[in-house]
Each structure stands twice: as structure tokens, then as C-alpha cells.
Amino acid sequence: TNGDDDGSSSNVAIEPAMVKEAHSNLERSRDILQSIPELQLATYLLEVDLSVFCGKFDLALETLARYEHSKKNASIIMDGNERRKIQFARAKLLVHSGQFGHALSEYEDLLEDMESEVERQMERQMERMERHMEKMKQQEEEGNRLREEESDDDGDDG
């Protein structure tokens, strides 16, 4: 060894045949995993990563769209957190592919969605606090009523 090769992956040349084989393996895996939708969908995300790794951002965007479409068709509901992660990934891919206007729109939508979620959380928190305050008020009124009954009973005994 001459010391130039540090063993890092940056020294490994990615050959088109390797990429083609990886895509082929992902498609084969997708076919095999049809009976397990969650795993089948994961192959799309792996393909997105592979496309990004190869610098094919437009292909990564197309694959991400196929992922979302397939997830919808499989009737698998994305929770808000997953939806935001996918939207953020899409926005990053749009930036890398030079579609800055679309990327900005995605980021704006993402921020609006997050703002709405914060507002909903604040409303729920306020509702919980109001219910808690109402419960405390009822307990205080019940305590006052019991004390009044006790004092009335004590007054009758005298």
C-alpha cells in the first residue's frame, strides 16, 4: 500500500452496470414483496436514495411520486410526521434538480402545515386546560357545599 487509498467509499467508482443491477434488484424485490405492502413501498424509498446517490434528482422525484401514489393505492395512511418528511425530501430534491420555484412552494406548504399543526396543538392544550379548570371549580364548589352542610349540621346540634 502506498497510503493513498484510505478505504473510504469516495474512492470507489460507481459503474453504470452496478447501478443498473441495483435498480433491477429493487424491481425484483418490489415484485416479490407484493404481499407485504410496507416492505414493497420501502423499495421505492431505496430507489430514491440510489437515484440521489447517482445524481439523478429528476428520477428520484419521479420515484418519490410513485411511492406516494402506491402508498395511497395500498390504502396505507401517512401520518402527519411522515407526510412532512416526504414533503421535505421532495423539496430538497426539487432544489437539487434546479426547480427552485417548486421547491420554494413545497417549503411554504410545509411551513403552513407545521403552523396549522401548532395551532391545533395549542387549541387542544387550551381545551384540556379549560376542562381541568372546570373540574377544579366543580371540586371547589363540592367542597364548599360539604363544608356548608357540616356547619349547618354543627349548628343544629347546639
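In this report, we go over the structure that sits alongside the text.

Basis of the calculations
Residues numbered from 1 in each chain as written. Predicted model: local features only at pLDDT ≥ 70, side-chain atom pairs only at ≥ 80, totals over all residues. Heavy atoms only, no water. Helix = DSSP H or I, 4+ residues; strand = E, 2+ residues; numbered from the N terminus. Buried < 20%, exposed > 50% of the residue type's maximum accessible area, 1.4 Å probe, protein only. Contact = heavy atoms within 4.5 Å. Areas by Shrake-Rupley, 256 points an atom, 1.4 Å probe, with all protein chains shown as cover. Patch = residues over 30% accessible without salt bridge, like charges linked within 9 Å, V, L, I, M, F, W, Y side chains within 5 Å. Salt bridge = Lys/Arg side-chain N within 4 Å of Asp/Glu carboxyl O.

### Regarding the overall build of the protein chain
Argument step 1. Counting its regular elements, the protein chain contains five helices and zero strands.
Argument step 2. Going from the N terminus to the C terminus, the protein chain shows its helices and strands as α-α-α-α-α.
Argument step 3. Within the span of the protein chain, comprising 158 residues, buried residues form 21% of the whole.
Argument step 4. In the protein chain, once contacts between residues fewer than 6 apart in sequence are set aside, the share between residues at least 24 apart is 41%.
Argument step 5. Of the roughly 12,000 Å² of accessible surface on the protein chain, 53% is carried by carbon and sulfur atoms.

### Quick notes on a nonpolar patch on the surface
Argument step 1. Among the surface-exposed residues, I14, M18 and F53 lie close enough to one another that they form a single nonpolar patch of about 310 Å² accessible area.
Argument step 2. Judged by relative accessible area, I14 falls into the partly exposed class, the value being 40%.

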